[in-house]
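# Commentary on secondary and tertiary structure
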Amino acid sequence: PPAVPVGGSAPVAAGQSYPSALSPQPDDDLYETETGEKVTVRMWQSPFKSSTLREILDEFSDSGAENSFKVRGAKYCDKEHPDYRKKVRAGPAMMEMLHADVFAVDEDAYPEGRHFHVAARGLAKERVDYFRRMPSKPFLWIFNLQIPGDPPMSIVHYFAIAESLLENVETSIPPPEDASAEQKFYYMLKKYATFENTHDAAPEGEPEPEGAGILPGDDFRNERFKMIPFLHEAPWIVKNAVPVKPAIMGKKLVTRYFRGDGYVELDLDVASDTIARNIVGLCRGYTRQLVVDIGLVIQGENESELPERVAAALTMHNIDLDFVMDLH
């Protein structure tokens, strides 16, 4: 089906001066960043629509082009350099947001109250299959934020980058220190996405086996996946409760990872930590008053991995949790 504009009227980044994850659209345009970099801009578009889904999509946007995040600079880890520990503006995100879903969890079908490996089941699988058939055959990062409550929910975002950008990237040897920030990002993303599944995907309609997707605590993904939150609008009670500093999520929450043909999925289990569960429980009562940015970063820890780039960025606008969908 043809793509339809959603999510408001502000343009968002569709990629930099290298190939886009999406085929060109009539409303593509270019703008020049502060560093002179030419950046492709496109309205965030999703090819899926329905009355309920349209309500959901209007509450999400890709904030990759105009995010306010700061990340580790090129000399962040160099103790001898004046820019040691210096953070810099992130610049446009490297991946495009293609779509967002909010799925209610059927606790009869999923008694653990969570969807694991959503990309392999139901409507989420249909989305992934559709995106993988695009002419550029994008590589996808599926971000599944598992929210406890009544009902439990999966807030699922689908991000993409042209698969051709990763094909010839070697992960056994770090890139040279003088490689471009983009080349270092491709290396980090491919390394992040290269692993063996702990279990085969469960049959459609059946929950994943216990322990599926859980990697060792010192695994690269658990030690490097970082979230950066930013509250634009929130009641004072939420501002006082929600931490707004970057955090390595694999050290705070149970995080599961799954691989499939052309995608990697990250499932973030908010209920696995008492403090996080209580904070999200508080926020659920105020979602219609919240505007929140979230940046997804793979943390760099040496000059072969720095400067960091934001992999993907999203904004959640005044979410109405009455509008949810069934996964199946």
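Here, every reference points to the structure presented above.
Since this is a predicted model, take the numbers as computed values, not measurements. Here the residue index of a chain counts from 1 through its sequence in written order. Since the coordinates come from a predicted model, pLDDT governs what is reported: local features require at least 70, and pairs of side-chain atoms require 80 or more to be given and counted, while whole-chain, interface and lining totals use all residues. Based on all heavy atoms of the structure, the side-chain values leave hydrogens and waters out of the count.

## Looking at the pairing of strand 11 (residues 153-161)
- Note on classification: 1.4 Å probe, protein chains only; a residue is buried when its accessible area is under 20% of the maximum for its type, exposed when over 50%, partly exposed between these limits. For the purposes of this entry, the term helix denotes a DSSP run of H or I that reaches at least four residues, the term strand denotes a run of E that reaches at least two, and both are numbered from the N terminus. Judged by how many residues are buried, strand 11 sits mostly within the fold: nine of nine residues are covered.
- A pair of strands counts as paired when DSSP detects no fewer than two bridges linking them. Where strand 9 (residues 96-104) lies against strand 11, eight bridges are found, and the strand directions are antiparallel. Looking at strand 11, one finds that H99 is bridged to Y158.
- Bridge count between strand 10 (residues 139-147) and strand 11: nine bridges; the pairing is antiparallel. Each residue of the ladder has a partner; that of N144, found in strand 11, is V156.
- Turn length for the strand 10-strand 11 hairpin, with the two strands adjacent in sequence and antiparallel, is five residues, and the turn residue G149 shows positive phi of about 140°.

## Here we look at unusual backbone geometry
- P151 follows D150 through a cis peptide bond whose omega is 0°.
- A cis amide bond, omega 5°, links L306 with the succeeding residue P307.
- Structurally, P307 is set in the loop between strand 16 (291-298) and strand 17 (310-317).
- Even without a glycine there, the phi angle at N318 is positive, about 45°.
- Inspection of the secondary structure puts N318 in the loop between strand 17 and strand 18 (325-326).

## Quick look at the sheet that holds strand 10
- Sheet architecture is open: six strands sit in the order 14-15-10-11-9-18, paired in mixed fashion. A single partner strand is all that each edge strand has here, and the edge strands are strand 14 (254-260) and strand 18.
- Relative to strand 18, strand 9 runs parallel, the two being bridged by two bridges. Residue A104 lies in a different strand from strand 18, and its bridge partner there is D326.
- Residue contacts are counted whenever heavy atoms from the two residues lie within 4.5 Å of one another. Angles run from 0 to 180 degrees between N-to-C directions of axes, and those axes are lines fitted to C-alpha atoms, restricted for helices to the stretch in contact. Sitting on the sheet, helix 2 (residues 122-132) is in contact with strand 9, strand 10, strand 11, strand 15 (263-269) and strand 18, with an inclination near 165° to strand 9.

## Description of the packing of aromatic side chains
- For Phe, Tyr and Trp, rings pair up if their centres lie within 6.5 Å, where Trp contributes its six-membered ring, and each pair is then called stacked (planes under 30 degrees apart), edge-to-face (over 60) or tilted (otherwise). Within this structure, the stated rule accounts for eight aromatic pairs.
- With centroids separated by 6.4 Å and ring planes inclined at 70°, the aromatic side chains of F185 and Y186 adopt a geometry described as edge-to-face.
- Overall, the relative accessible area of 5% leaves F185 in the buried class.
- An aromatic cluster is defined as three or more aromatic residues linked by ring pairs; in this entry it consists of W141, F143, Y192, F195, F225 and Y257.

## Some thoughts on helix 3 (residues 181-193)
- In this analysis, the expected span of each helix is defined as 1.5 Å times one less than the number of residues it contains. Over its 13 residues, helix 3 runs 18 Å from end to end, which matches the ideal 18 Å to within 8%, given 1.5 Å per residue.
- Restricting attention to buried positions, one finds in helix 3 the residues A181, E182, K184, F185, Y186, Y187, M188, L189, Y192 and A193.

## Quick word on the environment of V242
- When you line up the elements, V242 lands in the loop between helix 5 (236-241) and strand 13 (247-248).
- You can call V242 buried: its relative accessible area is 18%.
- Among residues more than four places away in sequence, those in contact with V242 are L231, I279 and C283.

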